Amino acid sequence: MSESVFQRDYVVRHPSGQGWVYAIVGAGLASLVRSRSDDDGLRNGELRASVPEGDSRTAEYIRELMRVVRTGGRGVFAIDPMTKNVAPRAERNLVAWPDAASHFGAKDAPLLTNGPTAWFTVER
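Residues numbered from 1 in each chain as written. Predicted model: local features only at pLDDT ≥ 70, side-chain atom pairs only at ≥ 80, totals over all residues. Heavy atoms only, no water.

Peer 1: How do you make sense of helix H2 (residues 56-72) when you look at a structure like this?
Peer 2: Three or four residues apart is the spacing at which side chains of an α-helix point the same way, because the helix has 3.6 residues per turn. Along its 17 residues, H2 runs 24 Å from first to last C-alpha, staying within 8% of the 24 Å computed at 1.5 Å per residue. Turning to H2, its buried residues are Thr58, Ala59, Ile62 and Val69. Each buried residue of H2 lies within a common arc of 100 degrees when the element is viewed along its axis, so the set occupies one face. Exposed residues on H2 whose side chains face more than 90 degrees from its buried face are Ser56, Arg57, Tyr61, Arg63 and Thr71. Where the residues of H2 are buried, they touch strand S3 (29-33), strand S6 (46-50) and strand S9 (95-96). (Helix = DSSP H or I, 4+ residues; strand = E, 2+ residues; numbered from the N terminus. Expected span 1.5 Å × (residues − 1). Buried < 20%, exposed > 50% of the residue type's maximum accessible area, 1.4 Å probe, protein only. Arc of directions from axis to C-beta. Contact = heavy atoms within 4.5 Å.)

Rendered as structure tokens:
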């Protein structure tokens, strides 16, 4: 479905009045929740997928989509924002797209985050 149809039919205002929410509906859907600016960095987005059991075409599409994301993305490392100590290994299943990494992923720049106590950098 087109982005405009998805927005019209499945995206609604969050009950808190801040932001938007949507539902994964139907079979074989992949969707991207876009990242947004946070106080001191960039709050993560999310790539989600729904694959019905036995739907090998959709499963193959999602595998290829995830391969592209992992290949094109940069690994992120947990960081203590106070001490700037960086974890020795990249986090599994978390990547930063190159444009986000270039603006928000450096240790001396605003950091990437997915919660109030989880901060990440792309530099080791």
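After presenting the structure, the write-up continues.
Peer 1: I'm lost on the pairing of strand S11 (residues 118-121) in this one. Help?
Peer 2: Within a regular beta strand, the side chains point alternately toward one face of the sheet and then the other, so they alternate between its two faces. Bridge analysis of strand S8 (residues 77-78) against S11 gives 2 bridges, and the strand direction is antiparallel. Opposite phenylalanine 77, over in S11, you have threonine 121 as the bridge partner. Where strand S10 (residues 111-115) lies against S11, 3 bridges are found, and the strand directions are antiparallel. Within S11, the residue paired with threonine 113 across the bridge is tryptophan 119. The turn linking S10 back onto S11 is made up of 2 residues. (Pairing = 2+ DSSP bridges.)

Peer 1: Mind showing me how you'd approach the pattern of salt bridges here?
Peer 2: Any two side chains of opposite charge can pair, on the condition that their charged atoms come close. Summed over all chains, the structure comprises 2 salt bridges. With a shortest N-O distance of 3.1 Å, glutamate 60 and arginine 63 are connected by a salt bridge. On the criterion of helical spacing, the pair formed by glutamate 60 and arginine 63 is a turn pair, its members being 3 residues apart in helix H2. Owing to a relative accessible area of 42%, glutamate 60 belongs among the partly exposed residues under this scheme. (Salt bridge = Lys/Arg side-chain N within 4 Å of Asp/Glu carboxyl O.)

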